[in-house]
Amino acid sequence: MNNKVANWQINTFEEMGKYRALPPIEKRKNWHTRDKHNELDWTNAALYSGMFQWAEISGDNKYLEWLYSIAEKNNWQLLKRKYHADDHAVGQLYLKLKTVYGNSHGKRKTHLEQRFDSILVDTNKDKLHWNWCDALFMAPPVWTKMAKQKNDAKYLDYMHSQYKKTYDLLWDKEEALFYRDANYFDKREKNGKKIFWSRGNGWVFGGLALMIPDFPENWEHTNFYLETYKQMANTLKRTQRKDGTWSSGILGDINTYKNIETSGTSFFVFGLAWGINQNILDKTTYEPVLLKGWDALVNAINQEGMLTYVQGIGAEPGVSYKNYSEVYGIGAFLAAGSEMYKYAKKNELNLSKNTATHTNVFTFMKDGGWCWYQDPRAIIKNNKVILGGLSGQSGDVKISVFDLKNKENEGEYILHKNFQKDDHNVPALFAKKDGSILAFWAKHGTEKKHYYSSTSSSNYLDWNTTKEFNHEYEEKFGVTYMNLHYMQKENLLYNFFRDGPTYNPSFITSKDHGETWGNRSHFIADDVEGRQRPYAKYFQKDANTIGVSFTDGHPRNYGNSLYYVEFKNNAFYKADGTLIKKYTGKPLFTSEAEKIFIGSETKEKPEYCESVPNSAWTCTSAKDKKNNPYIGYTLYINNNDHRYRVAHWNGNKWIDKEIAYAGTCLYGIESSYTGLMDFDPEDPSIVYISTDVNPNTGEATGGTHEIYSAKINSNDSIETIAWKPITQNSEYRNIRPIVVANEGKKVLLWLNGVWNSYINYNVDVKGVILE
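Bear in mind the structure is a predicted one, so any value in this text is a computation, not a measurement. (Residues numbered from 1 in each chain as written. Predicted model: local features only at pLDDT ≥ 70, side-chain atom pairs only at ≥ 80, totals over all residues. Heavy atoms only, no water.)

Draft legend 1. Quick look at the overall build of the protein chain. Secondary structure summary: the protein chain contains 13 helices and 34 strands in total. Taking 771 residues into account, the globule formula puts the C-alpha radius of gyration at 28 Å, and the protein chain, at 29 Å, falls close to it. Each principal axis of the C-alpha distribution contributes one length, and for the protein chain these read about 95 × 55 × 55 Å. Going through the 771 residues of the protein chain one by one, you find that 63% of them count as buried. Considering only intrachain contacts with a sequence separation of at least 6, the fraction spanning at least 24 residues in the protein chain is 60%. Just so you have it, the protein chain exposes about 29900 Å², and 45% of that area is on carbon and sulfur atoms. Charge centroids of the protein chain, computed over 95 positive and 92 negative side chains, lie 1 Å from each other. (Helix = DSSP H or I, 4+ residues; strand = E, 2+ residues; numbered from the N terminus. Rg over C-alpha atoms; globule rule 2.2 N^0.38 Å. Buried < 20%, exposed > 50% of the residue type's maximum accessible area, 1.4 Å probe, protein only. Contact = heavy atoms within 4.5 Å. Areas by Shrake-Rupley, 256 points an atom, 1.4 Å probe, with all protein chains shown as cover. Lys, Arg positive; Asp, Glu negative; His and termini not counted. Charge placed at Lys NZ, Arg CZ, Asp CG, Glu CD.)

In structure tokens, the structure reads:
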């Protein structure tokens, strides 16, 4: 239902006035028009708030892309009134988008921070500025989230001081509701009861549900907001109408308010569902109220997807109409639907479609994710899958253990609690000769250190104390990515990573199987002007050789070509064994390696492309039984057209060809991100891919990313490869497949769930045991 409503709103956004609820002519003000609302107006800010909540869990990135386009179009600005809460409201969107996309665009934060910082030093800051109850939705959640993201209590303190002023003015202790403003203290409903506007209190109730999760742990004032919320919930329980809604004037009777009103009801359902989901409200007590309210809202959606019976803009209870709506009502409904979805999942109601063609799909890790430039992320040892992951919800660095014999999870261990919500931080693993496991992890370029730990035995849920390796250099950028490989002749364990000073592939080594580390060395250097970052994939070609495929830089910045080199005996070689040069501590430049694919090799890109067309990006590497390397990579054509390609050395030359359509990017800002691919490590002619289109034709399938497999013969072309679905008809994306093999066992793993960005995802690691 939420998809239907969200789609309708986006499709009609430019002509919103056509569907607008207007009060009777005698009550209209100069703002009661059918013109489109300013995109930075409070009306639309409420829409964006609900749309964002749905976007985070919908599994379809088009909603986030639409919201991002609104912010970009309006240059991340606020409206002009310095103190007016309505003009702060759109800041909710900007700060929420930051939780998805990070700080990749500096302008994202400047205007909002400048506005708030100017208020905090203004001589008028301590006056009452939020003197109407709607303001408690518009401004406080923005100030609260700013405090959380900046880790600065001054924003939270200011919010609380203003909130308390409004509370002291407008809170009615007897009814546990808020007057809309001071004009209503002495006014009464036709039945003689006090006037409390439904949507006005909905603004407050919904605002509390948005704010409270952002409060610091053990904040001294949290209980004040929780008690206010609980008292309002109790009032809502006793004032709900038999039809499941609340009257536009909450204490008014049905004779005064004959029509239902859905904007206030939507905010109330949102807030109640949130409270039950967070165990703040007693489920037994409030569930009947919640379900009754939700049923009423669902019944108010027309066939096109419009929420009907939304009261128009006003400051008091009023009329609603069957054939009219408003953007803020849609936003409230989407917020309610998002929490109802979480409620349904929490209570194990059946919401999901079957996501696999295999009958035995296992969950190898709950709430885990990974980037693709750390290996190995999973290994098989002693008949168990030991898997590294990074929680998208808490930022925990995790290890899970799956018993292949009994086909069940043995448990999970947290290596580093609340580390950082970023998929780049997944640990790389290494199996030591003594049967223990070493894990290595680091933050995404924000620290100059690696963390590592190991098990003391083959009990893979028992880990030793974490150690740190600190890099010493002046450059502010930190390290990221970890890849662990052992060179037998040298008796050295290598950790290949991206270095901070150069953004280039580098390494450190250990002479004692990972107990201590040193010898930081620059490994590969880029030739392209500017600060570039070649992306490298490493694989163990044999006991003394590391194969490396890499690019010129990031496809967002350059039309990458693809290169290959083999590293052994402290020297670089081509695939045919030709020596390129000895390694003396000076890095290999891209121009010195074998070029196996020629990209556009330009920095120019059209306006409609976020990356440079005809740019390659490495995905995976493997070797065949003759020890010949296979390189899997993506090719960026445009945001909606990526291709999978495979280059392999046949003993005499490189054979490079396109094998599948990879479909659309995962999200627009990182337009080169695809669902990715992997080889069967024992037979790289067997390939696994993730795509949201027909792999052979590129035709849209109307669904989401699914996993496919194929045996690719030497004479196959992109049209003739017989791709077979591993998953199908999935509700959520299936992306980033990896295949793990050892001890005669083989497992295909992938990520299934909502993937909004590298710092905002909620996925489980699914998989099948391959014969």
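Draft legend 2. Representation of the state of the cysteines within the structure. By the definition in use, this model includes zero disulfides. Between Cys609, a free cysteine, and Cys665, which holds the nearest cysteine sulfur, the sulfur-to-sulfur gap is 10 Å. Overall, the relative accessible area of 4% leaves Cys609 in the buried class. (Disulfide = S-S within 2.5 Å.)

Draft legend 3. Spotlight on the nonpolar core. If you look at the biggest cluster of nonpolar residues, it comprises 206 residues, and the most contacted ones within it are Trp143, Met159, Tyr225, Ile659, Trp723 and Leu749. One finds Met487, Phe550, Tyr583 and Ala593 within the second-largest nonpolar core, a separate group that totals 19 residues. (Core = buried A, V, L, I, M, F, W, Y, C linked by side-chain atoms within 4.5 Å.)

Draft legend 4. Quick peek at the packing of helix H3 (residues 62-73) against helix H4 (residues 91-101). Axis separation between H3 and H4 bottoms out at 11 Å; the angle between their running directions is 125 degrees. Here H4 runs oblique to H3, going by the angle between their axes. Once H3 is placed against H4, the crossing between them reads as left-handed. Residue-level contacts link Leu64, Glu65, Leu67, Tyr68 and Ala71 of H3 to Leu93, Tyr94, Leu97, Val100 and Tyr101 of H4. Among the residues forming the contact of H3 with H4, the class breakdown is nine nonpolar, no polar and one charged. (Axes fitted to C-alpha atoms, helices over the stretch in contact; angles between N-to-C directions. Parallel < 35°, antiparallel > 145°, perpendicular 65-115°, else oblique. Left-handed = near helix turned anticlockwise from the far one by under 90°. Nonpolar A, V, L, I, M, F, W, Y, C, P; charged D, E, K, R; others polar.)

Draft legend 5. View of the environment of Pro505. If you trace the backbone, Pro505 turns up in strand E14 (residues 505-510). For Pro505, a relative accessible area of 3% gives the class buried. A C-alpha to C-alpha distance of 23 Å links Pro505 and Phe419, two positions 86 residues apart in sequence. Not counting chain neighbours up to four residues away, the residues in contact with Pro505 comprise Phe497, His522, Phe523, Ile524, Pro534, Ala536 and Tyr538.

Draft legend 6. Molecular detail of the packing of aromatic side chains. Under the counting rule described, the total for this entry stands at 77 aromatic pairs. A centroid spacing of 4.8 Å and a plane angle of 70 degrees characterise the contact between Phe440 and Trp517, whose relative ring orientation is edge-to-face. One end of the pair, Phe440, is in strand E9 (residues 437-441); the other, Trp517, is in the loop between E14 and strand E15 (518-522), and 77 residues separate them in sequence. The exposure class assigned to Phe440 is buried, which follows from its relative accessible area of 0%. (Phe/Tyr/Trp six-rings, centres within 6.5 Å; stacked < 30°, edge-to-face > 60°.)

Draft legend 7. Examining the sheet that holds strand E33 (residues 745-757) more closely. In spatial order, the strands read E3-E34-E33-E32; together these four strands make up an open sheet with antiparallel pairing. The open sheet has two edge strands with one neighbour each: strand E3 (362-365) and strand E32 (733-742). Taking each pair of neighbouring strands and ignoring which way they run, the sheet shows an average axis angle of 35 degrees. Across the sheet, H4 is in contact with E33 and strand E34 (760-770); its angle to E33 comes to roughly 165 degrees. (Pairing = 2+ DSSP bridges.)

Draft legend 8. Layout of helix H13 (residues 327-346). Its 20 residues give H13 an end-to-end C-alpha distance of 29 Å, which sits within 8% of 28 Å, the value for a rise of 1.5 Å per residue. With 17 of its 20 residues buried, H13 lies for the most part within the structure. (Expected span 1.5 Å × (residues − 1).)

Draft legend 9. Quick look at unusual backbone geometry. The step from Asp375 to Pro376 runs through a cis peptide bond, and the omega angle for that step is -10 degrees. Mapped onto the secondary structure, Pro376 falls in the loop between E3 and strand E4 (378-381). Its identity as a non-glycine residue notwithstanding, Lys407 has a phi of 55 degrees, on the positive side. One can find Lys407 in the loop between strand E6 (397-403) and strand E7 (408-416). Overall, the relative accessible area of 43% leaves Lys407 in the partly exposed class.

Draft legend 10. Representation of the packing of helix H10 (residues 222-239) against helix H11 (residues 262-277) within the structure. Put simply, H10 and H11 touch, their axes get as near as 11 Å, and they point 120 degrees apart. Between H10 and H11, the interaxial angle falls into the category oblique. Regarding H10 and H11, the two cross each other, and that crossing is left-handed. Packed against H10, whose contacting residues are Tyr229, Ala233 and Leu236, the element H11 presents Phe268, Gly271, Leu272, Trp274 and Gly275 at the interface.

Draft legend 11. Here's a closer look at the sheet that holds E14. Spatial ordering of the open sheet is given by E12-E13-E14-E15, a layout of four strands whose pairing is antiparallel. Because the sheet does not close on itself, it has two edges, and the strands there are strand E12 (480-487) and E15. Neighbour to neighbour, the strand axes of the sheet diverge by 25 degrees on average, direction disregarded. Examined bridge by bridge, E14 and E15 share three bridges and lie antiparallel to one another. Residue pairing across strands places Phe507 opposite Ser521, the latter belonging to E15.

Draft legend 12. Region of interest: the pairing of strand E8 (residues 428-431). As paired elements, E8 and E9 share four bridges and run antiparallel to each other. Bridge pairing in E9 places Phe430 opposite Leu438.

Draft legend 13. Fine view of the side chain of Asp87. Checked against the element boundaries, Asp87 lands in the loop between H3 and H4. The exposure class of Asp87 is buried, given its relative accessible area of 2%. Here Arg81 takes part through its side chain, which lies 2.9 Å from a polar atom of the side chain of Asp87. Beyond its immediate sequence surroundings of up to four residues, Asp87 is in contact with Leu78, Leu79, Lys80, Arg81 and Arg115. (Polar contact = N/O pair within 3.5 Å; in protein donor to acceptor, adjacent residues only side chain to side chain.)

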